[in-house]
Amino acid sequence: MTLGAASGQLSATTLGGGAFNLKVQVADSASPPHTASAALTLSVDPVPQTDQYGGLLSMASPSGATGFFRMDKFGSRWMLVTPEGHAYWFLGVALVSSGTPGIDPAGKSYSQYIGAKYANSEAWATQEKNRLLSWGFNALSWGAGITTTSFSIPGNPAAQPMMPHFNEHISFALHSMSNTGGFLKTPVKNILSPLKIDSFPDVFDPAFQQYAFWAMATNMHGTIGFPDAEYKSPWVIGFITDESDELKGFGNWQTHPHLGWMVLATAPTLTTGSVLGHTVSYSDPTVYSKLALRDFLIGRYGGDIHALNSAWKGAYTTWNSSGGYGVGTGLLDENGQHSWMGDKHSLAGETAAMQQDLNDFLFQIAKKYYQICHDAIRSVDTNHLIVGPDVVGGPDTRPEVLMAAAQYLDIFLVNAHHQTDKVNPVADTYNLTGKPFLSASKVFLALPDSPLAANPTTNPSENASLSNTQAERGQAYARYVQTLLQLKGSDGTYPVMGFSWWALADNFSEKANYGLVTTRDNAYNGQEAVTRYGVDPWGYRVGGEGANYGNSISGIQNANLTTLRALAAGH
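Parameters and conventions
- Residues numbered from 1 in each chain as written.
- Predicted model: local features only at pLDDT ≥ 70, side-chain atom pairs only at ≥ 80, totals over all residues.
- Heavy atoms only, no water.
- Helix = DSSP H or I, 4+ residues; strand = E, 2+ residues; numbered from the N terminus.
- Rg over C-alpha atoms; globule rule 2.2 N^0.38 Å.
- Contact = heavy atoms within 4.5 Å.
- Areas by Shrake-Rupley, 256 points an atom, 1.4 Å probe, with all protein chains shown as cover.
- Lys, Arg positive; Asp, Glu negative; His and termini not counted.
- Charge placed at Lys NZ, Arg CZ, Asp CG, Glu CD.
- Buried < 20%, exposed > 50% of the residue type's maximum accessible area, 1.4 Å probe, protein only.
- Pairing = 2+ DSSP bridges.
- Axes fitted to C-alpha atoms, helices over the stretch in contact; angles between N-to-C directions.
- Salt bridge = Lys/Arg side-chain N within 4 Å of Asp/Glu carboxyl O.
- Core = buried A, V, L, I, M, F, W, Y, C linked by side-chain atoms within 4.5 Å.
- Parallel < 35°, antiparallel > 145°, perpendicular 65-115°, else oblique.
- Left-handed = near helix turned anticlockwise from the far one by under 90°.
- Nonpolar A, V, L, I, M, F, W, Y, C, P; charged D, E, K, R; others polar.
- Phe/Tyr/Trp six-rings, centres within 6.5 Å; stacked < 30°, edge-to-face > 60°.
- Expected span 1.5 Å × (residues − 1).

Visitor: Sorry if this is basic, but what is going on with the overall build of the protein chain here?
Guide: Scanning the protein chain from N- to C-terminus turns up 13 helices and 22 strands. Against the compact-globule benchmark of 25 Å for 571 residues, the protein chain has a radius of gyration of 26 Å, which places it among compact chains. When its C-alpha atoms are laid out on the principal axes, the protein chain stretches across 100 × 55 × 50 Å. Once local pairs closer than 6 in sequence are excluded, the contacts in the protein chain between residues at least 24 apart make up 64%. Accessible surface for the protein chain amounts to roughly 22800 Å². Of this, 52% is attributable to carbon and sulfur atoms. The positive charge centre, built from 33 side chains, and the negative charge centre, built from 45, are 3 Å apart in the protein chain.

See the structure below:
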């Protein structure tokens, strides 16, 4: 049991639970001091017992164990199931990586601080996983560094302790558009390049499918030559295929453009483009997605361009090109400037028929992406769950994208907190698709009580919970996790299977204290992130901050433990 010198908070850990008799005595600074004492009894519920993966021993799946993570329904609640066959509620932390961006006021990065603190990357990985487990987290979420993952390859033994995690981003979209590995003759085109938006791949290009299958066959992300290490590991929960940054159009419809509109407005041929600010060249100039839209509309309108014009109030003269992109009169010349083209986000201003056509083609785009990713993964790995992109599913994602994804994904990653205009924030996800999900992307900040107080972000994420102190931050997290546990679909099902905290360390580049630890790798527990130097329970040096910061870890730790206790008790 310890008493925080700065916070005054009493904290302790016990695994067995039970009733504890305490005598507490306090004294003030008077001379002689005034004292008072009291006898207290502290009742503590035991920590639920788990298997080696974090599954609750009291909740065995009726379907038994398969040796890999899967899903099952326990009464009215969806849960993940560990390889040993026990219910598992995901409590993960994203970006457990040494590459957290940004430079602090002392001119150093997170990687520089941990380079000086730890003997090597394996020692750092072991320490971070020890910390996370002690704080009640049971998994590594997306963005985990290769050193932290729980499988071994020659030259890279798994750092203990073991923790479940996702397969690192395959990044089918980003890597195919940059031709990472040089497999393709020419990169897959970013179809949004002409519209000055990053980015979305030409999923109808046969090269996109070729790249996805090649990427899976070689496991080109991080473990080239040793794909079995990851594909056969029981510690891998499932696959994340991309980040939403490379899939503009799959996210929040207010900020992501409508991909049906964008394909209609993009150029039919491209010789150069850009991907995340880098210029790329294309030896095959054809934009296959625009041709796919043309063929889709030809089929819908029986090849009659006049029927399309009547439905759209348009004035195209041909299904192909007549005069050139942006200046001609053909469908392939459309660049988004005609009067019948509505808003690129909402499609407002278009006829009902045009909106329906573009929505239906959006479904085809999403279906193509998800089907290719699914088939590529299943060509080499039939064991692990397919989770899809990080983060796409959510109440503000267009329903066409969600319905297409539901055909090929096992689990959604959902921004459930985006939706603010409905009582039930899972109405547009679970009720629409029937898919259980993990909640992600919610961030918890306490900028005034952090090293970023002097230079905080002035534009916090719409997903942010803002607190003034670290203690309040921990309380906000606890409230949010309880909300997730209580979310119900219209059929009475509890579809949330876990939450991912963003992220391990603060980010000076984005001016946000996302972290459980500061850039100096000091935990926000009221004892490490302080000015005075000391050592943590593992013997590592801590302290050296510019001020004494508060304790959010205790609140987070208690919330995680409370969550597992509630699940074990069937609540």
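Here the narrative resumes, following the displayed structure.
Visitor: I'm lost on helix H10 (residues 399-406) in this one. Help?
Guide: An α-helical turn contains 3.6 residues, so any two residues separated by three or four positions project in the same direction. With respect to burial, H10 is a largely interior element, six of its eight residues being buried. Among the residues of H10, those classed as buried are Glu400, Val401, Leu402, Ala404, Ala405 and Ala406. Buried residues in H10 make contact with helix H9 (352-378), strand S16 (412-414) and helix H11 (430-433).

Visitor: Even after reading the chapter, I still don't get the sheet that holds strand S7 (residues 77-81), so can you show me in this structure?
Guide: Sheet architecture is open: four strands sit in the order S5-S8-S7-S6, paired in antiparallel fashion. On the outer flanks of this sheet lie strand S5 (56-60) and strand S6 (70-74), each paired with one strand and no other. Sheet twist, expressed as the average angle between the axes of neighbouring strands with direction ignored, equals 60°. With two bridges connecting them, S5 and strand S8 (residues 86-88) associate as antiparallel partners. Bridge assignment links Leu56 to a residue of S8, and that residue is Ala87. Those strands touched by helix H13 (residues 553-568) are S5 and S7, and its axis lies near 35° from that of S5.

Visitor: What am I meant to see in the pattern of salt bridges here?
Guide: Any two side chains of opposite charge can pair, given that their charged atoms come close. The final tally for this structure, using the stated rule, is ten salt bridges. Asp72 is the partner of Arg70 in a salt bridge, and the nearest nitrogen-oxygen pair spans 3.5 Å. The two residues Arg70 and Asp72 agree in class, both being buried. When the shortest N-O distance is used, the salt bridge between Lys189 and Asp205 registers 3.8 Å. With a gap of 16 residues between them, Lys189 in the loop between helix H3 (172-178) and helix H4 (206-218) and Asp205 in the loop between H3 and H4 connect regions that are remote in the sequence. With relative accessibility at 0%, the residue Lys189 sits in the buried group.

Visitor: For this particular structure, what's the right way to read the nonpolar core?
Guide: Side chains of nonpolar character tend, in soluble globular proteins, to be buried together. If you look at the biggest cluster of nonpolar residues, it comprises 142 residues, and the most contacted ones within it are Leu132, Phe137, Trp312 and Tyr477. When residues of this core are assigned to their parent elements, the largest contribution, twelve residues, is made by H9. Apart from the residues within four sequence positions on either side, Leu132 is in contact with Val93, Val96, Phe137, Leu140, Met163, Leu504 and Leu516. Membership of the second largest hydrophobic core comes to eight residues, among which are Leu445, Leu447, Leu452 and Ala464.

Visitor: Explain the packing of helix H12 (residues 470-486) against H13 to me, please; I cannot follow it from the model alone.
Guide: Running from N to C, H12 and H13 cross one another at 20°; their axes reach a closest spacing of 8 Å. The angle between H12 and H13 places the two elements in the roughly parallel class. Every pair of crossing elements has a handedness; the one defined by H12 and H13 is right-handed. Facing Gly474, Tyr477, Ala478, Val481, Gln482 and Leu485 of H12, the residues of H13 in contact are Gly555, Ile556, Ala559, Asn560, Thr562, Thr563 and Leu567.

Visitor: Quick question: what am I supposed to make of the packing of helix H7 (residues 288-300) against H9 here?
Guide: Two quantities define a packed helix pair, namely the angle between the axes and the distance from one axis to the other. Running from amino to carboxyl end, H7 crosses H9 at an angle of 125°, the nearest separation of the two axes being 11 Å. One way to sum up the angle between H7 and H9 is to call them oblique. Here H7 runs over H9; the crossing is right-handed. Contacts from Ser289, Ala292, Leu293, Phe296, Leu297 and Arg300 of H7 reach H9 at Gln356, Asp357, Asp360, Phe361 and Gln364. Class assignment of the residues belonging to the contact of H7 with H9 gives a composition of five nonpolar, three polar and three charged.

Visitor: What is the right way to look at the packing of aromatic side chains in this model?
Guide: Any pair of aromatic rings gets described here by the distance separating the centres and the angle formed by the planes. Taken as a whole and judged by the stated rule, the model has 25 aromatic pairs. Seen from their ring centres, Tyr231 and Phe239 are 5.9 Å apart, and the 50° between their planes marks the pair as tilted. A centroid spacing of 5.9 Å and a plane angle of 65° characterise the contact between Phe444 and Tyr480, whose relative ring orientation is edge-to-face. One end of the pair, Phe444, is in strand S18 (residues 443-445); the other, Tyr480, is in helix H12, with 36 residues separating them in the sequence. Taking the relative accessible area as the measure of exposure, Phe444 reaches 2% and is therefore buried. Of the residues examined, Tyr480 reaches a relative accessible area of 11% and is grouped as buried. Grouped by ring-pair contacts, the aromatic residues Phe200, Phe208, Phe250, Tyr369 and Tyr370 constitute a single cluster.

Visitor: Help me out: how do you make sense of H13 in this one?
Guide: Helix length check: H13, at 16 residues, gives a terminal C-alpha distance of 23 Å against a target of 22 Å (1.5 Å per residue), a fit within 8%. Ile553, Ser554, Ile556, Ala559, Asn560, Thr563, Leu564, Ala566 and Leu567 are the residues of H13 that are buried. Two residues or fewer after H13 comes Gly570, characterised by a positive phi angle close to 85°.

Visitor: Even after reading the chapter, I still don't get the pairing of strand S15 (residues 385-390), so can you show me in this structure?
Guide: Taken across its six residues, S15 has six buried, putting it largely inside the fold. Pairing between strand S12 (residues 236-243) and S15: four bridges, direction parallel. Its bridge partner being in S15, Phe239 is matched across the sheet by Ile386.

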